[in-house]
Amino acid sequence: PRTEGDSLRVTLRQSPVGAPSEAQVIARGQDGRALAQAEFRLAAGATEGEAVLELPTEIRNRVFRLDLAGEAGPGAVVLLDERFRRRPVGLLPGAEETADTPLIGDLFYLERALAPYAELRRDTAERLLARPLSVLILADRPIAPGAELDALTRFVNEGGTLIRFAGARLAERPDTLLPVPLRAERQLGGALSWEQPQRLAAFPEGSPFAGLPVPAEVSISRQVLAEPSARLAERIWARLADGTPLVTAESRGEGRIVLFHVTATAEWSDLPLSGLFVQMLRRLVALSAGVSGQEGEGML
(Lines give C-alpha, C1' and ligand atoms only; values in the text may rest on other atoms or scores of the structure.)
Protein backbone atom coordinates (compact mmCIF):
# COMPACT_ATOMS: atom_id res chain seq x y z
CA PRO A 1 0.00 0.00 0.00
CA ARG A 2 0.93 3.67 -0.30
CA THR A 3 -0.63 6.79 1.16
CA GLU A 4 -2.22 9.43 -1.07
CA GLY A 5 -3.84 12.22 0.90
CA ASP A 6 -6.69 10.68 2.89
CA SER A 7 -6.52 7.37 0.99
CA LEU A 8 -4.62 4.09 1.01
CA ARG A 9 -3.91 2.94 -2.53
CA VAL A 10 -3.26 -0.81 -2.65
CA THR A 11 -1.58 -2.62 -5.57
CA LEU A 12 -2.36 -6.26 -6.39
CA ARG A 13 -0.05 -8.30 -8.62
CA GLN A 14 -0.93 -11.69 -10.09
CA SER A 15 -0.03 -14.12 -12.84
CA PRO A 16 -2.10 -13.29 -15.96
CA VAL A 17 -5.37 -15.16 -16.47
CA GLY A 18 -7.42 -15.41 -19.63
CA ALA A 19 -10.62 -13.86 -18.28
CA PRO A 20 -11.50 -10.71 -16.32
CA SER A 21 -11.16 -11.20 -12.57
CA GLU A 22 -12.06 -9.51 -9.31
CA ALA A 23 -10.61 -9.52 -5.81
CA GLN A 24 -11.23 -7.76 -2.51
CA VAL A 25 -8.88 -6.16 0.00
CA ILE A 26 -10.13 -5.93 3.59
CA ALA A 27 -8.76 -3.46 6.14
CA ARG A 28 -8.81 -4.93 9.65
CA GLY A 29 -8.18 -3.56 13.13
CA GLN A 30 -5.84 -5.15 15.65
CA ASP A 31 -8.75 -7.19 17.02
CA GLY A 32 -9.43 -8.65 13.56
CA ARG A 33 -12.63 -6.73 12.87
CA ALA A 34 -13.18 -5.55 9.29
CA LEU A 35 -13.09 -1.74 9.09
CA ALA A 36 -13.37 -1.24 5.33
CA GLN A 37 -13.00 -3.03 2.01
CA ALA A 38 -12.35 -2.21 -1.64
CA GLU A 39 -12.44 -4.17 -4.89
CA PHE A 40 -9.80 -4.87 -7.53
CA ARG A 41 -11.09 -5.27 -11.08
CA LEU A 42 -8.57 -6.77 -13.50
CA ALA A 43 -8.98 -7.12 -17.25
CA ALA A 44 -8.18 -10.36 -19.03
CA GLY A 45 -4.43 -10.89 -19.15
CA ALA A 46 -3.72 -8.11 -16.62
CA THR A 47 -0.90 -8.66 -14.16
CA GLU A 48 -1.62 -5.69 -11.89
CA GLY A 49 -4.60 -3.84 -10.43
CA GLU A 50 -5.29 -1.13 -7.88
CA ALA A 51 -7.91 -0.49 -5.23
CA VAL A 52 -8.40 2.60 -3.09
CA LEU A 53 -9.49 2.55 0.55
CA GLU A 54 -11.09 5.87 1.50
CA LEU A 55 -11.02 6.12 5.28
CA PRO A 56 -11.61 8.93 7.80
CA THR A 57 -8.45 9.70 9.74
CA GLU A 58 -9.70 8.22 13.01
CA ILE A 59 -10.59 4.93 11.29
CA ARG A 60 -7.51 4.92 9.09
CA ASN A 61 -5.22 4.97 12.12
CA ARG A 62 -6.94 1.91 13.58
CA VAL A 63 -6.08 -0.24 10.55
CA PHE A 64 -3.59 -2.91 11.61
CA ARG A 65 -3.49 -5.14 8.53
CA LEU A 66 -4.75 -5.54 4.97
CA ASP A 67 -6.00 -8.97 3.84
CA LEU A 68 -6.70 -10.28 0.36
CA ALA A 69 -10.09 -11.95 0.73
CA GLY A 70 -10.19 -15.67 0.12
CA GLU A 71 -6.42 -16.04 -0.06
CA ALA A 72 -3.98 -17.45 2.47
CA GLY A 73 -0.25 -17.03 2.87
CA PRO A 74 2.20 -14.14 3.32
CA GLY A 75 1.49 -12.76 -0.15
CA ALA A 76 -2.08 -11.99 0.87
CA VAL A 77 -1.36 -9.99 4.05
CA VAL A 78 0.24 -6.61 4.72
CA LEU A 79 0.85 -5.34 8.27
CA LEU A 80 0.77 -1.56 8.65
CA ASP A 81 3.29 0.15 10.88
CA GLU A 82 3.69 3.71 12.21
CA ARG A 83 4.57 5.06 8.75
CA PHE A 84 0.96 4.61 7.67
CA ARG A 85 -0.63 6.48 10.57
CA ARG A 86 -2.32 9.78 9.74
CA ARG A 87 -1.23 12.87 11.65
CA PRO A 88 -3.84 15.64 11.33
CA VAL A 89 -2.38 19.15 11.51
CA GLY A 90 -4.39 22.11 12.81
CA LEU A 91 -3.56 25.67 11.71
CA LEU A 92 -4.24 28.83 13.71
CA PRO A 93 -3.16 32.21 12.26
CA GLY A 94 -2.47 35.37 14.18
CA ALA A 95 -5.06 37.26 12.12
CA GLU A 96 -7.76 35.14 10.47
CA GLU A 97 -8.91 37.87 8.09
CA THR A 98 -5.50 38.06 6.37
CA ALA A 99 -4.31 34.47 6.89
CA ASP A 100 -4.69 33.46 3.24
CA THR A 101 -3.43 36.65 1.62
CA PRO A 102 -1.02 35.57 -1.15
CA LEU A 103 2.66 35.87 -0.19
CA ILE A 104 2.06 37.71 3.09
CA GLY A 105 -0.70 35.76 4.89
CA ASP A 106 0.22 33.89 8.08
CA LEU A 107 -0.80 30.52 6.61
CA PHE A 108 0.05 31.05 2.92
CA TYR A 109 3.40 29.21 2.98
CA LEU A 110 2.43 26.72 5.69
CA GLU A 111 -0.54 25.40 3.72
CA ARG A 112 1.47 25.05 0.53
CA ALA A 113 4.31 23.29 2.34
CA LEU A 114 2.14 20.75 4.17
CA ALA A 115 -0.95 20.20 2.01
CA PRO A 116 0.63 17.42 -0.14
CA TYR A 117 1.78 15.47 2.92
CA ALA A 118 -0.67 16.02 5.79
CA GLU A 119 -4.36 16.40 6.53
CA LEU A 120 -4.80 20.10 7.30
CA ARG A 121 -7.63 21.52 9.41
CA ARG A 122 -8.68 25.13 9.84
CA ASP A 123 -11.06 26.25 12.59
CA THR A 124 -11.13 27.87 16.00
CA ALA A 125 -8.84 26.50 18.69
CA GLU A 126 -11.82 25.07 20.55
CA ARG A 127 -13.15 23.17 17.54
CA LEU A 128 -9.72 21.94 16.43
CA LEU A 129 -9.00 20.50 19.85
CA ALA A 130 -12.44 18.85 20.06
CA ARG A 131 -11.19 16.18 17.61
CA PRO A 132 -8.06 14.04 17.84
CA LEU A 133 -5.15 16.11 16.53
CA SER A 134 -1.44 15.32 16.20
CA VAL A 135 0.03 18.77 15.50
CA LEU A 136 -1.21 22.30 16.09
CA ILE A 137 0.63 25.18 14.39
CA LEU A 138 0.27 28.74 15.68
CA ALA A 139 1.56 31.40 13.27
CA ASP A 140 2.54 34.52 15.28
CA ARG A 141 -0.47 33.98 17.50
CA PRO A 142 -0.31 34.82 21.21
CA ILE A 143 -2.38 32.55 23.44
CA ALA A 144 -5.14 34.12 25.48
CA PRO A 145 -4.95 33.30 29.20
CA GLY A 146 -7.77 31.28 30.63
CA ALA A 147 -9.70 28.61 28.75
CA GLU A 148 -7.58 28.71 25.57
CA LEU A 149 -4.28 28.48 27.45
CA ASP A 150 -5.66 25.63 29.58
CA ALA A 151 -6.88 23.70 26.51
CA LEU A 152 -3.57 24.05 24.65
CA THR A 153 -1.60 23.08 27.75
CA ARG A 154 -3.73 19.96 28.09
CA PHE A 155 -3.24 19.17 24.38
CA VAL A 156 0.55 19.23 24.80
CA ASN A 157 0.60 17.37 28.11
CA GLU A 158 -1.50 14.57 26.59
CA GLY A 159 0.92 14.01 23.70
CA GLY A 160 0.27 16.75 21.14
CA THR A 161 2.95 18.66 19.25
CA LEU A 162 2.60 22.44 19.36
CA ILE A 163 4.60 24.27 16.67
CA ARG A 164 4.81 28.04 16.95
CA PHE A 165 6.19 30.76 14.70
CA ALA A 166 7.40 34.08 16.06
CA GLY A 167 6.45 37.53 14.85
CA ALA A 168 5.64 41.00 16.11
CA ARG A 169 2.55 39.82 18.02
CA LEU A 170 4.33 37.02 19.88
CA ALA A 171 7.35 39.23 20.60
CA GLU A 172 5.05 41.72 22.35
CA ARG A 173 2.95 39.12 24.22
CA PRO A 174 4.97 35.99 25.09
CA ASP A 175 3.21 33.34 27.15
CA THR A 176 4.04 30.17 29.05
CA LEU A 177 3.67 27.73 26.11
CA LEU A 178 7.13 28.43 24.72
CA PRO A 179 10.20 26.18 24.87
CA VAL A 180 12.43 29.07 26.03
CA PRO A 181 11.80 32.52 27.53
CA LEU A 182 11.97 35.25 24.91
CA ARG A 183 14.17 38.30 25.22
CA ALA A 184 13.66 40.76 22.38
CA GLU A 185 13.20 41.13 18.65
CA ARG A 186 16.45 41.46 16.69
CA GLN A 187 16.82 43.07 13.27
CA LEU A 188 19.68 41.99 11.02
CA GLY A 189 20.52 44.28 8.15
CA GLY A 190 18.76 47.42 6.97
CA ALA A 191 19.27 51.11 7.67
CA LEU A 192 18.66 50.74 11.42
CA SER A 193 21.12 47.90 12.04
CA TRP A 194 24.88 47.46 11.83
CA GLU A 195 24.50 43.70 11.58
CA GLN A 196 24.15 41.78 8.34
CA PRO A 197 21.49 39.11 7.59
CA GLN A 198 22.58 35.73 8.92
CA ARG A 199 22.87 32.39 7.15
CA LEU A 200 21.94 29.07 8.75
CA ALA A 201 24.50 26.90 10.50
CA ALA A 202 24.63 23.13 9.93
CA PHE A 203 22.03 21.34 12.02
CA PRO A 204 23.44 19.87 15.25
CA GLU A 205 23.63 16.15 15.92
CA GLY A 206 20.57 15.02 17.82
CA SER A 207 18.33 17.54 16.08
CA PRO A 208 15.40 16.12 14.05
CA PHE A 209 16.79 18.20 11.17
CA ALA A 210 20.27 16.64 11.32
CA GLY A 211 21.44 15.63 7.86
CA LEU A 212 19.27 18.08 5.94
CA PRO A 213 21.35 20.20 3.52
CA VAL A 214 21.44 23.91 4.38
CA PRO A 215 20.79 26.08 1.30
CA ALA A 216 23.27 28.93 0.94
CA GLU A 217 20.55 31.28 -0.31
CA VAL A 218 18.47 31.16 2.90
CA SER A 219 19.10 34.19 5.09
CA ILE A 220 17.48 35.58 8.25
CA SER A 221 16.87 39.33 8.56
CA ARG A 222 14.86 39.38 11.81
CA GLN A 223 14.36 37.00 14.71
CA VAL A 224 13.11 36.82 18.27
CA LEU A 225 16.01 36.17 20.62
CA ALA A 226 15.92 33.63 23.43
CA GLU A 227 16.77 34.58 26.99
CA PRO A 228 20.21 33.08 27.81
CA SER A 229 20.02 30.25 30.33
CA ALA A 230 21.91 27.17 31.45
CA ARG A 231 19.54 24.87 29.51
CA LEU A 232 19.23 26.89 26.32
CA ALA A 233 21.88 24.94 24.38
CA GLU A 234 20.12 21.58 24.85
CA ARG A 235 16.86 23.01 23.51
CA ILE A 236 18.29 24.34 20.23
CA TRP A 237 17.37 22.31 17.13
CA ALA A 238 18.63 24.85 14.58
CA ARG A 239 21.02 27.82 14.79
CA LEU A 240 22.10 30.79 12.75
CA ALA A 241 25.74 31.14 11.75
CA ASP A 242 26.38 33.40 14.76
CA GLY A 243 25.05 30.72 17.14
CA THR A 244 21.72 32.32 18.01
CA PRO A 245 18.68 29.98 17.96
CA LEU A 246 16.51 29.59 14.89
CA VAL A 247 14.41 26.68 16.25
CA THR A 248 14.10 25.66 19.89
CA ALA A 249 12.07 22.84 21.44
CA GLU A 250 11.11 21.42 24.81
CA SER A 251 9.33 18.26 25.92
CA ARG A 252 6.29 19.08 28.03
CA GLY A 253 4.30 16.23 29.59
CA GLU A 254 3.78 13.59 26.90
CA GLY A 255 4.14 16.11 24.06
CA ARG A 256 6.47 18.86 22.93
CA ILE A 257 6.58 22.54 22.03
CA VAL A 258 8.63 23.76 19.06
CA LEU A 259 9.33 27.43 18.29
CA PHE A 260 10.63 28.91 15.04
CA HIS A 261 12.20 32.23 16.05
CA VAL A 262 11.10 33.75 12.73
CA THR A 263 7.74 34.26 11.03
CA ALA A 264 5.96 31.67 8.88
CA THR A 265 5.98 34.25 6.08
CA ALA A 266 8.88 35.68 4.07
CA GLU A 267 8.76 38.92 6.08
CA TRP A 268 11.64 37.99 8.42
CA SER A 269 13.54 35.38 6.39
CA ASP A 270 13.85 33.48 3.12
CA LEU A 271 13.19 30.18 4.92
CA PRO A 272 9.48 29.85 3.90
CA LEU A 273 10.54 30.26 0.26
CA SER A 274 12.88 27.28 0.37
CA GLY A 275 12.51 23.54 0.02
CA LEU A 276 14.19 23.26 3.42
CA PHE A 277 11.05 24.73 5.01
CA VAL A 278 8.99 21.85 3.61
CA GLN A 279 11.51 19.25 4.81
CA MET A 280 11.70 20.71 8.31
CA LEU A 281 7.92 20.75 8.69
CA ARG A 282 7.59 17.21 7.36
CA ARG A 283 10.10 15.95 9.90
CA LEU A 284 8.28 17.67 12.74
CA VAL A 285 4.95 16.18 11.70
CA ALA A 286 6.58 12.74 11.42
CA LEU A 287 7.80 13.10 15.03
CA SER A 288 4.27 13.61 16.32
CA ALA A 289 1.96 10.95 17.69
CA GLY A 290 -0.63 9.51 15.34
CA VAL A 291 -4.24 9.75 16.41
CA SER A 292 -6.71 6.95 16.95
CA GLY A 293 -10.22 6.28 18.17
CA GLN A 294 -13.63 7.75 17.48
CA GLU A 295 -14.50 11.42 17.33
CA GLY A 296 -13.96 13.09 20.69
CA GLU A 297 -11.53 10.48 22.04
CA GLY A 298 -8.07 11.49 23.24
CA MET A 299 -4.63 11.11 21.70
CA LEU A 300 -3.13 7.65 21.26
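Look a little higher up for the structure.
No experiment lies behind these values; they were computed from the predicted model shown. (Residues numbered from 1 in each chain as written. Predicted model: local features only at pLDDT ≥ 70, side-chain atom pairs only at ≥ 80, totals over all residues. Heavy atoms only, no water.)

A.B. asks: Please clarify how the pairing of strand β8 (residues 89–93) should be interpreted in this entry.
C.D. replies: Note on strand geometry: in a regular strand, side chains alternate between the two faces of the sheet. Counting buried positions along β8 yields five of five residues, so the element is predominantly enclosed. A two-sided burial pattern is seen for β8, the buried positions comprising V89, L91 and P93 on one face and G90 and L92 on the other. Strand direction decides the pairing type here: β8 and strand β9 (residues 120–122), joined by three bridges, are parallel. Bridging from a neighbouring strand, G90 pairs with R121 of β9. Handedness of the crossover joining β8 and β9 through helix α2 (residues 108–114): right-handed. Here β8 pairs with strand β10 (residues 135–139) via five bridges, running parallel. Looking at β10, one finds that V89 is bridged to V135. (Buried < 20%, exposed > 50% of the residue type's maximum accessible area, 1.4 Å probe, protein only. Helix = DSSP H or I, 4+ residues; strand = E, 2+ residues; numbered from the N terminus. Pairing = 2+ DSSP bridges. Right-handed = clockwise from strand over helix to strand, strands pointing away.)

A.B. asks: Any chance you could explain the pairing of strand β11 (residues 161–165) here in plain terms?
C.D. replies: The buried fraction of β11 is high, at five of five residues. Side chains of β11 alternate between two faces, with T161, I163 and F165 and L162 and R164 buried alike. As paired strands, β10 and β11 are joined by five bridges and run parallel to one another. Along β11, the bridge assignment pairs V135 with T161. For the crossover from β10 across helix α4 (residues 147–157) to β11, the handedness is right-handed. Looking at chain direction, β11 and strand β18 (residues 255–260) are connected through five bridges and run parallel.

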